Each structure stands twice: as C-alpha cells, then as structure tokens.
Amino acid sequence: MKDGNPFTVCHVLDFKEVSELKAALVVSTPDAEFEALAFKDSLKASVERVARLGYDGVEIAIRDPRTVKVSEIVNMVKEKGIEVPAIGTGQAFGQEGLSLSSPDKDIRQKALARLKLQIEFASNFNAKVILGLIRGKVQRDVKKEDAIKWMIEGIEECADYAKRYNVKILIEPINRYEIDLINTVEECLDIIKIMNRDNVFILVDTFHMNIEEPSITDSIRNANGNIGHVHVADSNRWAPGFGHIDFKTIYEVLKEVGYDGYISAEILPKPDPETAAQQAIKVIKGVFT
Ligand code: LER
Ligand code: MN
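Residues numbered from 1 in each chain as written. Chains lettered and ligands numbered in written order. Predicted model: local features only at pLDDT ≥ 70, side-chain atom pairs only at ≥ 80, totals over all residues. Heavy atoms only, no water.

Where do I start with the coordination of the manganese ion (ligand 2) in this structure?
Angles at a metal have ideal values that depend on geometry: 109.5 degrees with four tetrahedral donors, 90 or 180 degrees with six octahedral donors. Note on the manganese ion (ligand 2): its protein donors are Glu172 (OE), Asp205 (OD), His231 (ND1) and Glu266 (OE). The metal-donor distances range over 2.1 to 2.2 Å. Angles of 69 to 175° at the metal separate the six donor atoms of the manganese ion (ligand 2), which places the site in the octahedral class. For the manganese ion (ligand 2), the donor residues sit on a single chain with the sequence spacing E-x32-D-x25-H-x34-E. Taken together, the residues span a long stretch of sequence, with His231 in strand β7 (residues 227–232) and Glu266 in the loop between β8 (262–265) and α10 (273–288) at a distance of 35 residues. (Donors = N, O, S within 2.8 Å, 3.2 Å for Na, K, Ca; no water. Tetrahedral: all angles 85-135°; square planar, octahedral: opposite > 155°, others 65-115°. Helix = DSSP H or I, 4+ residues; strand = E, 2+ residues; numbered from the N terminus.)

See the structure below:
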C-alpha cells in the first residue's frame, strides 16, 4: 500500500499502452457462503448495481441454478445492456460437498448432474462455466492418482455435455489452501492437453497466482492461447489496487498474449461493497481504456 491507507489506489496507470478489455463483477445470492463476492443481494438488485457502476458484465456465482428464475435474469441483463461472461459453480462444493474427485461415486454423479444444470443455465447467456472449487479435495485414504482420474473423467464429461450447448468450460487453478487438485497454471495446462477438447480453457485468477506461481507474468505467457477468462483480486483479495499485485504489468502481458476477453473482479466486499466495486472498475477501466 502506497501510504498505509487501504483506500488509496497504489498504481499509477498508463492509459495509452494497454488494450481495452471488458470488466465484470462476480456476484451471488444472499445465501452464498463464499466470501469473495462484492455483492450478495438479490440478482435483480446486483445486476442493476453492476450496470449502474459501468461494468460491461456480471459474473454469476450460483450454488444451484434451480433456485433462480432464469427468464427473469435473462431479461434483466438484456434490459440493462450487460453480459454474463461466466458462471461460477464452487458453492456446490463449499456448501453441499459436491465434488468431481470424491471417492463416493454418488457424490461425483451429483456434482456432474449439478454442473450439467449450470451448463444449461450458462447457455442462456452465452456464458462460460467455471470448474474451480467443485473439483474438490483429495480425501483421506484416497490415492491422489485416483482423485485425479475421477476429476479428469468429470471434466471431460462436462466438456462433452457443454459442447452440445456451445458452452466453453474454464478450469481455474486454485491455491493449495482451498483445494489440492490443479493449484498451478502448469498443472492446468497439462490437464487441458491430456483432455484434447476444443472447448476447455484456463481461467487465471491473480489472487491464486500470487500464492502459487513463481512469476505471474511468466505463467500468463506460458498459458498463451489457452486463457479463456481472468479473475482479478489483489494479494489480500481486496479490489485491485488495495494490495501489492502489479496489475499494470499483468495487463500488459495479457495484451502481449492477445487476451481480449473479460476481466472479472472476484473480490471481498471491503471496506464496503460499493467502495470495493467502484475501486475494481476504476483500476480495470483505467488500465484498459
Ligand atoms: C475460489 O477461490 C475461486 O477463485 C473461485 O473462482 C472458484 O470457483
Ligand atoms: Mn477465482
């Protein structure tokens, strides 16, 4: 932090040299236990707020799409003129224990059934589906290679199902303190290669990369051509600029590798939801316009 004040934007932004990328904010419903969500109101309220703040898109993290009225959300985003770039699925792991790598076949099947609903939900918005926390953890007395095998089978089944709906799948490397299968970009790229599906991409999240990658920029360069989506949060998971990640350089490297998709802020609602959301778009737009 520049002067010890968390509300001061740390980075002097170069407006000229960077490409124009689209900004989204990750939101969810009030029952969500996942914390890195700026807004957790009704989706109607969040969509209105996100659009009012100038975002191009709203990323919806949802435990179970059957809990919301799809046509209402489709109409809302249309009315507000914003897009839904991606759907987050991790709450089904966090709150219900559904996991693609569980040794219990019934749990794996339930996770897959839920993900198929998420894929159908996403197809209404031309959104991508994130496979992050839902990949699960290697449980006690389970061999890691078995967990990896189940996870890969699950991701492949999702990818093939998604293909029918013209939906893209995003695999997100997540830091070791949350899950233990695919923590790094390198591991993710290996899995994508093994799968050989043309609708599977990597989602890079600066918060996780700051923990796991030796160099965030080198890892982005290595993922060249495979990046399907980007999550941003600073080192403390506050909005970009409230921690010590060098976003200016990261954005330059994203431009260098030709990434032209969405930048989604997946951030803690700190110091308060409005300030966090305003700060995130300020940095994203300040850099990309
Ligand atoms: C979890 O920490 C995360 O980053 C989410 O995007 C996972 O779905
Ligand atoms: Mn993320």
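Anyway, onward from the coordinates.
What's the story with the packing of helix α1 (residues 43–52) against helix α2 (residues 70–80) in this structure? I'm lost.
For any two helices packed against each other, one specifies the inter-axial angle together with the distance between the axes. Following both chains from N to C, one finds α1 and α2 inclined at 15°, their axes separated by 10 Å at the closest point. Taken together, the axis directions place α1 and α2 in an arrangement best described as roughly parallel. Pair α1 / α2 crosses with right-handed handedness. Here α1 contributes Leu43, Lys44, Val47, Glu48 and Ala51 to the contact with α2, which in turn contributes Ile73, Met76, Val77 and Lys80. (Axes fitted to C-alpha atoms, helices over the stretch in contact; angles between N-to-C directions. Parallel < 35°, antiparallel > 145°, perpendicular 65-115°, else oblique. Left-handed = near helix turned anticlockwise from the far one by under 90°. Contact = heavy atoms within 4.5 Å.)

Explain the site of ligand 1 here, please?
Neighbouring residues of ligand 1: Phe34, Leu133, Glu172, Ile174, Glu178, Asp205, His208, His231, Arg237 and Glu266. A distance of 2.7 Å separates an oxygen atom of ligand 1 from a polar atom in the side chain of Glu172. His231 places a side-chain nitrogen or oxygen 3.4 Å from an oxygen atom of ligand 1. Contact with the protein chains covers 96% of the free accessible surface of ligand 1, which is 260 Å². Residues of the shell around ligand 1, tallied by class, amount to three nonpolar, two polar and five charged. (Near = heavy atom within 4 Å. Polar contact = N/O pair within 3.5 Å; in protein donor to acceptor, adjacent residues only side chain to side chain. Areas by Shrake-Rupley, 256 points an atom, 1.4 Å probe, with all protein chains shown as cover. Nonpolar A, V, L, I, M, F, W, Y, C, P; charged D, E, K, R; others polar.)

Explanation requested: the pattern of salt bridges in the structure shown.
When charged atoms on two side chains of opposite charge get close, those side chains can pair. Counted under the stated rule, the structure contains 22 salt bridges. Asp31 is the salt-bridge partner of Arg63, the closest N and O atoms lying 3.8 Å from each other. Here Asp31 lies in the loop between β1 (22–27) and α1 and Arg63 lies in the loop between β2 (57–61) and α2, a separation of 32 residues in the sequence. A salt bridge links Arg197 to Asp160; the nearest nitrogen and oxygen atoms lie 2.7 Å apart. With a gap of 37 residues between them, Arg197 in the loop between α6 (185–195) and β6 (200–205) and Asp160 in helix α5 (residues 144–164) connect regions that are remote in the sequence. Asp160 sits in the partly exposed class, given a relative accessible area of 38%. Put simply, Asp31, Arg63, Asp64, Arg66, Glu96 and Arg114 are held in one network by salt bridges that share partners. (Salt bridge = Lys/Arg side-chain N within 4 Å of Asp/Glu carboxyl O. Buried < 20%, exposed > 50% of the residue type's maximum accessible area, 1.4 Å probe, protein only.)

Purely spatial values, then, with no claim about function.
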